[in-house]
Amino acid sequence: MRDHRHGASRAAEGVPEVWTGRAINRAQWPLAALGAACMALGIELAVDSPWTSSIAPLLMSVIGCVATGLLILFGTLAFVHVHVRVDADAVEVRCGHVGLPRRRIPMENVVGAYFAPRVTPHEWGGWGYRWRPEKGTAVVVRRGEGLVVRLGDGRIFTVTVDDAEDAVRVIRDRIVRMAQTRPTAQA
């Protein structure tokens, strides 16, 4: 996490046109290594098998090791980090090195943004892309500060990201700008 500046100097800086932030979870790299090891074991079994009596146990072992390895490897690499971008059009959240899963929330659907000082994987049921009926949807890659976006239909989207207070400030500024540019209804 970053050291946050508070007070008048922050307000004097103004609001950037594009805000980007990210959060990284280095604790998932050992899990990715475990997934790679499972895959390597499956490949080793397939290439240099000591089993000669039947193909079925060998095939089940190879498929099991490779499938387990792929699930662990890609499941953890997808949530090693998250990248958040806020601009005039949308709030966009991309996960992992490939950028999937991805969530794009048009700014006209956003009615509020809030700072969450402590978001934990425990409260969401683990790391990753999560949904809980009473809390909404979240992308949780690590424990720490987060950005909470309230949508016009009542749904809530939370993402763990460094410098979430700045993201909240930028989103609130965008909401005010959009409200000022909307044509007022004639009576």
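Preceding this paragraph is the structure being described.
Residues numbered from 1 in each chain as written. Predicted model: local features only at pLDDT ≥ 70, side-chain atom pairs only at ≥ 80, totals over all residues. Heavy atoms only, no water.

J.: Help me out: how do you make sense of the overall build of the protein chain in this one?
T.: When helices and strands are tallied, the protein chain shows five helices and nine strands. Going from the N terminus to the C terminus, the protein chain shows its helices and strands as α-β-α-α-β-β-β-β-α-β-β-β-β-α. Summarising the internal contacts of the protein chain: among those between residues at least 6 apart in sequence, 58% fall at separations of at least 24. Roughly 10800 Å² of accessible area belongs to the protein chain as shown, and the carbon and sulfur atoms make up 60% of that amount. (Helix = DSSP H or I, 4+ residues; strand = E, 2+ residues; numbered from the N terminus. Contact = heavy atoms within 4.5 Å. Areas by Shrake-Rupley, 256 points an atom, 1.4 Å probe, with all protein chains shown as cover.)

J.: Sorry if this is basic, but what is going on with unusual backbone geometry here?
T.: For residues besides glycine, phi is generally negative; the peptide bonds are generally trans as well. One non-glycine residue with positive phi stands out, namely Asp163, at about 60°. Positionally, Asp163 belongs in the loop between β9 (156-160) and α5 (164-181). On the accessibility criterion, Asp163 (10% relative accessible area) is buried. (Buried < 20%, exposed > 50% of the residue type's maximum accessible area, 1.4 Å probe, protein only.)

J.: In this structure, what is going on with the sheet that holds β9? I would like to understand it.
T.: Sheet strands pair by backbone hydrogen bonding; their relative direction is either parallel or antiparallel. Ordered by their spatial adjacency, five strands build an open sheet running β5-β8-β9-β7-β6, and the pairing between neighbours is mixed. Each edge of the sheet is formed by a strand with only one pairing partner; in this case those strands are β5 (110-119) and β6 (128-132). Strand-to-strand, the axes of this sheet are offset by a mean angle of 20°, without reference to chain direction. Note that β6 and strand β7 (residues 136-140) share five bridges and pair antiparallel. (Pairing = 2+ DSSP bridges. Axes fitted to C-alpha atoms, helices over the stretch in contact; angles between N-to-C directions.)

J.: It is not clear to me how the pattern of salt bridges should be interpreted in this structure. Could you clarify?
T.: Throughout the structure, instances matching the rule amount to ten salt bridges. For Arg177, the salt bridge goes to Glu17, with nearest N and O atoms at 3.4 Å. Remark: Glu17 occurs in the loop between α1 (8-12) and β1 (19-24) and Arg177 occurs in helix α5; sequence separation between them is 160 residues. Take Arg177: its relative accessible area is 33%, and that puts it in the partly exposed class. Across the pair Arg132 and Glu134 runs a salt bridge, and its minimum N-O distance is 2.8 Å. Each member of the salt-bridge network shares a partner with another, and the members are Glu17, Asp173, Arg174 and Arg177. (Salt bridge = Lys/Arg side-chain N within 4 Å of Asp/Glu carboxyl O.)

J.: Sorry, what's going on with a nonpolar patch on the surface here?
T.: On the surface, Leu31, Leu34 and Trp127 cluster together to form a nonpolar patch covering roughly 250 Å² of accessible area. With respect to the element layout, Trp127 can be found in the loop between α4 (121-124) and β6. (Patch = residues over 30% accessible without salt bridge, like charges linked within 9 Å, V, L, I, M, F, W, Y side chains within 5 Å.)

J.: So what exactly am I meant to see when it comes to the sheet that holds β1 here?
T.: The sheet built from four strands is open, its strands ordered β1-β2-β3-β4 with antiparallel pairing. Pairing within the sheet leaves two strands with one partner each, and these edge strands are β1 and β4 (102-106). Averaged over all pairs of adjacent strands, the angle between strand axes in this sheet comes to 10°, irrespective of strand direction. Relative to strand β3 (residues 90-95), strand β2 (residues 81-86) runs antiparallel, the two sharing five bridges. Across the sheet, residue Val84 finds its bridge partner in β3, namely Val93. Across the sheet, α5 is in contact with β1, β2 and β3; its angle to β1 comes to roughly 150°.

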